[in-house]
Each structure stands twice: as structure tokens, then as C-alpha cells.
Amino acid sequence: KQWYQRRVAITAGIVKQTYDFNLDTTVAKRSVPSRSKRSTISVKQDATVKTTSTVVTSCASGSQSSSNVCVTCPPGTGFTNGACATCPRGQWNGANDNTPCNTCTNSMTTLKSGSTSANDCTRVQDVCTVKSAPANGHLSPVPGSQVNNNVMVTLTCNTGYDLQYSIASSFACNDAAYPTCFRTCDLSTYTPSKLEELRVDSAGINANQPLRHLQALKVNCISNHNFESSINSKTLTCKGDGTLEDTKITIPECTKDDNTTLIVIIVLVVLLGVAVLLLFLFIFIQWRKKRNDSYKRRSKTTTLELRRRDDEQAGPSGNTYQNNAREDNV
């Protein structure tokens, strides 16, 4: 008359149904709904009655009974030793039934277990096994995975590490060597306010973007400012293949140009140039003076020599040379 609950449990293909109900004193017995089963009911007045029945299931086409359970294996698995098992490498199964896995032909293999098609079979020489991941990084696909030679492997470095500058993170599985993860050079301390304090131009400097190994950073001073030795720009290079200390990037402070020093230098250069010019003029004047004196002496000697020759040619009356010489002496 009053129904309270119905519990159903399925274990290893055996269906157990338990009915709990109360009967009032006016009811002697009550039939219990069943599915192709026999039930025996014992009734006690004002008592709870429980009954259990068992149903043996018959399997449909494409499935197979195993320990009173109907087994249908999904694609990628095969029925073996009374149960479904994943198809190992080199085998496949695309059916949803109780057939075993199929073996690849021509000594081919599959890239992974659980293959569902004959198209998954490939030549052994076209298969590449992903190598071990480098330190401080992980690979996708994971190491040990078997993929086609032309499949690209991606390397992702851990926090604080990155690939060398200009090196791609994806590469062919069969590459002779996989790239390496290097320490990055932190720039987080060089915020815009810090760069302003150092009087450094902030263009190209991102505090949130660390430098990669061998990546160069060009640093420029603001207008009318220089680094030491009057240098306006510097190139700093990240070195991530050493210790943590080696990765530190130090941006020096720029100082304002000292015009006084520049003026002094220019004056000294001008004075030195004037001194050199005066010395050259003095040497040139002395050289001209000596040259003129020498010319005069040679000219005088030549004149006297000519007169002497004329007197010798004149004979006894050749007193002209002596007289002229005497006059010249006078």
C-alpha cells in the first residue's frame, strides 16, 4: 500500500534488486514487479519485507560475455584474454566490437599505443624519438615520445631562463642537438624613474623584459650628458652562461658636459699651434738670411776672379786688377 524505496545494484553482470516496503494488517500479501525472475515473499504483520533476485544477461552482436559481463571494446583497443586491452605500438583497431588488434604490415609501426587506423602505421626510419629535455626546460611532445621526423618539438624554459638570443624555440625532432636554456639578465631595477635618475634615455629599455643570452642593449645618455671619457652611448651584452652574478647588467650614470674643460683644451691646442707656427717662421728667416749671405760672398768672389783674369790677359798694363782690388779694399 505504501512504497518507500527501490535500490538497484549491478555487480559483474548480476543485477540485484532490493525492494523495501511496509504492509498494513489488512493485506496478506502483495505481488512485486519483476523482470523475468522468480521471487519469494515472506510477510510478517507490521514488518519490513526484503527480497533479492538475479538476472543473467545475454550479449548482443559485436560484444562478448566475460564473467557474466557483455564486453564491447572501443576503437584503439582489442579483445584479448577475456578483456579489452589498448592496442600496443605496431597495432591498431578502429572497430567498436570484440575483435583483437590488427598488426601493421611491412614491419611498420605506430607512433603510440591505442592507434585506431591503418593510416597510423608508418615506416620505422621515419619515426623520431624525442630526446631528453635540456636543463631548466621542458619539451612538447615530452621526451620519449615517438613522432614523425618532420614534427616540430617546442622547448619552453623555466622562469628565469630563456633560449639564446635569435634562437627559435621550435625545431625538428631529429635535430642533432636541441637548444639550451640560459639564465636571463634582469632589468627590473631599471624603471623609468631610475633611468631618469641616472640621466639615461629610456628608449629601448624595458624593465619587464629581461635580456636573453648574448642579447645586446644599447644605452644612450640624455642630451648634453655623457658617460666617462665623453662617450654618449654604451652597448651592454647579457651573459647567461655563467653564474647568477655574471647576469647582472649595470647601467652607469651619465654626467653633464663640462664646457670649461673643453674650452681650456681648445685654447691650449690653439696656443700650441701658434707656437709651432712662430718657430717655423723663425727657422725659415734664419735660413733665408744665411742663404743670402752665402750668395753675396759667392758673388763677390766671382767678380774679383773675373777682374784678375782680365788683368792677366792685358799684360804689363794689367795693373787694373790690383788697382781695382786696392780700391775695393779701400
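Since we're looking at a predicted model, the values are computed, not measured.

A. A look at the pattern of salt bridges. Counted by the stated rule, this structure contains five salt bridges. In this structure, the salt-bridge partner of Asp126 is Arg123, at a minimum N-O distance of 2.8 Å. Of the residues examined, Asp126 reaches a relative accessible area of 24% and is grouped as partly exposed. Given the relative accessible area of 43%, Arg123 is considered partly exposed. With its nearest N and O atoms 3.2 Å apart, the salt bridge here joins Glu228 to Lys234. With relative accessibility at 24%, the residue Lys234 sits in the partly exposed group.

B. Examining the state of the cysteines more closely. Using the criterion set out here, one finds seven disulfides in the structure. The disulfide bridge from Cys87 ends at Cys101, spanning 2.0 Å between sulfur atoms. Here the disulfide of Cys87 and Cys101 is left-handed, its torsion about the S-S bond being about -90°. Here the residue Cys87 occupies a position in the loop between strand E7 (83-86) and strand E8 (91-92), and Cys101 occupies one in the loop between E8 and strand E9 (102-103), the gap between them amounting to 14 residues. On the accessibility criterion, Cys87 (0% relative accessible area) is buried. Here Cys104 is linked by a disulfide to Cys121, with a sulfur-sulfur distance of 1.9 Å. In this structure, the disulfide formed by Cys104 and Cys121 twists by about -75° around the S-S bond and is classed as left-handed. With Cys104 in the loop between E9 and strand E10 (109-110) and Cys121 in strand E11 (residues 121-122), this pair connects stretches of sequence that are 17 residues apart. A single burial state applies to Cys104 and to Cys121, both of which are buried.

C. Quick look at the nonpolar core. Grouped together as the largest cluster of nonpolar side chains are 17 residues, with contacts concentrated most on Val200, Ile205, Leu211, Val219, Ile249 and Ile251. Beyond its immediate chain neighbours, meaning those up to four positions away, Val219 contacts Val200, Ile205, Phe227, Asn232, Ser233, Lys234, Leu236 and Ile251. Membership of the second largest hydrophobic core comes to twelve residues, among which are Val130, Val147, Leu163 and Phe171.

D. Looking closely at the sheet that holds strand E15 (residues 152-157). One open sheet accounts for three strands, arranged E13-E15-E17; its pairing is antiparallel. Each end of this open sheet is capped by a strand with a single partner; those strands are strand E13 (137-140) and strand E17 (170-172). The average undirected angle you get between the axes of adjacent strands in this sheet is 30°. Pairing between E15 and E17: three bridges, direction antiparallel. Looking across to E17, one finds that Met152 is bridged to Ala172.

E. Structural detail: the pairing of strand E19 (residues 216-220). Of the two faces of E19, only the one carrying Leu217 and Val219 is buried; Ala216, Lys218 and Asn220 on the other face are not. As paired strands, E19 and strand E21 (residues 233-237) are joined by five bridges and run antiparallel to one another. In the strand pairing of E21, Ala216 is matched with Thr237.

F. Region of interest: the side chain of Asp97. If you trace the backbone, Asp97 turns up in the loop between E8 and E9. Although Asp97 is buried, it forms no salt bridge, and the closest oppositely charged side chain is Lys112 at an N-O distance of 19 Å. Within the local environment of Asp97, its side chain forms a polar contact with the side chain of Thr99, the two groups lying 2.7 Å apart.

The rules behind these values
- Residues numbered from 1 in each chain as written.
- Predicted model: local features only at pLDDT ≥ 70, side-chain atom pairs only at ≥ 80, totals over all residues.
- Heavy atoms only, no water.
- Salt bridge = Lys/Arg side-chain N within 4 Å of Asp/Glu carboxyl O.
- Buried < 20%, exposed > 50% of the residue type's maximum accessible area, 1.4 Å probe, protein only.
- Disulfide = S-S within 2.5 Å.
- Helix = DSSP H or I, 4+ residues; strand = E, 2+ residues; numbered from the N terminus.
- Core = buried A, V, L, I, M, F, W, Y, C linked by side-chain atoms within 4.5 Å.
- Contact = heavy atoms within 4.5 Å.
- Pairing = 2+ DSSP bridges.
- Axes fitted to C-alpha atoms, helices over the stretch in contact; angles between N-to-C directions.
- Lys, Arg positive; Asp, Glu negative; His and termini not counted.
- Polar contact = N/O pair within 3.5 Å; in protein donor to acceptor, adjacent residues only side chain to side chain.

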